[in-house]
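Here is how the chains run, residue by residue.
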Amino acid sequence: MSNLFESAGLEAEAPRPLADRLRPTVLKDVVGQDHLVGEDGVLTRMLGAGRCSSMILWGPPGTGKTTIARLLAGETGLHFEQMSAIFSGVADLKKAFEAAWARRQEGRGTLLFIDEIHRFNKAQQDGFLPHMESGVIVLVGATTENPSFELNAALMSRAQVLRLKRLEADDLKSILARAELIEGKLPLTDEG
């Protein structure tokens, strides 16, 4: 479904925050997560084997969880469906599952990304299980909380937990260098 700007071809001209403009367009460009997206990274190997399984991305804010999920969908040809557990309920999940079933009937898959997945209660988490088991969705949940304490065992048994690392100083320098390529010289000093 497109909006008025997309229909008019103006979405590329709309102002976007710098963080959005810096967002990587391929997995290998995600900064600070070489253990996942580097040459021998877990996700690199998974994609190399031609598969994408359900997973929980666990890590601090700003480490690339949403970006990784979006790029996984793109690199596997899956439809990307994004929801937030804070703003979504059972009715929203039901619509997402129905849309995924319809896409499957057309031979297309769905990567369902749930931000803050730990905010869903046990019953809501259980609601994912039949759709994961049948392959209708590839679930990618993002959380800043330890999933061992916040997600139920049934969901955890069907998803691989991947831990994202906090960005180091060199990672931040790399991001700043990319920002200067886009924006030109930034008014920053070494002191902060």
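Refer to the structure presented above.
What you are looking at is a predicted structure, and each value in this text was computed from that prediction instead of being measured. (Residues numbered from 1 in each chain as written. Predicted model: local features only at pLDDT ≥ 70, side-chain atom pairs only at ≥ 80, totals over all residues. Heavy atoms only, no water.)

A. Summary view of the nonpolar core. Core analysis: the biggest nonpolar cluster contains 23 residues, and Leu 43, Met 55, Ile 68, Leu 72, Leu 111 and Val 140 have the highest contact counts within it. Elements supplying a minimum of two residues to this core: helix H3 (34-37), helix H4 (42-48), strand E1 (55-58), helix H5 (65-76), strand E3 (110-115) and strand E4 (137-143). Looking at this core element by element, the count peaks at 5 residues for H5. Not counting chain neighbours up to four residues away, the residues in contact with Leu 72 comprise Leu 27, Leu 43, Leu 47, Cys 52, Met 55 and Leu 111. Met 83, Ala 85, Leu 93 and Met 132 belong to the second-largest nonpolar core, a separate cluster that totals 20 residues. (Core = buried A, V, L, I, M, F, W, Y, C linked by side-chain atoms within 4.5 Å. Buried < 20%, exposed > 50% of the residue type's maximum accessible area, 1.4 Å probe, protein only. Helix = DSSP H or I, 4+ residues; strand = E, 2+ residues; numbered from the N terminus. Contact = heavy atoms within 4.5 Å.)

B. Structural view of the layout of surface pockets. In this model, the largest pocket occupies a volume close to 460 Å³. Lining the largest pocket are 20 residues, and of these Arg 23, Gly 62, Thr 63, Gly 64 and Thr 67 sit closest to its centre. Listed by contribution, the elements that provide at least two residues to the lining of the largest pocket are helix H2 (18-22), H5 and helix H11 (169-183). Of the residues in the lining of the largest pocket, the class split is 9 nonpolar, 6 polar and 5 charged. (1 Å grid on protein atoms, 1.4 Å probe; cavity = no way out; pocket = protein on both sides within 12 Å on 5 of 7 lines; lining within 4 Å. Points joined across faces, edges and corners; volume = space filled by probe spheres on them. Nonpolar A, V, L, I, M, F, W, Y, C, P; charged D, E, K, R; others polar.)

C. The arrangement of the environment of Val 140 in detail. Turning to its location among the elements, Val 140 is positioned in strand E4. Those residues in contact with Val 140, other than ones at most four positions away along the chain, are Met 55, Leu 57, Ala 69, Leu 111, Leu 112, Phe 113 and Ile 114.

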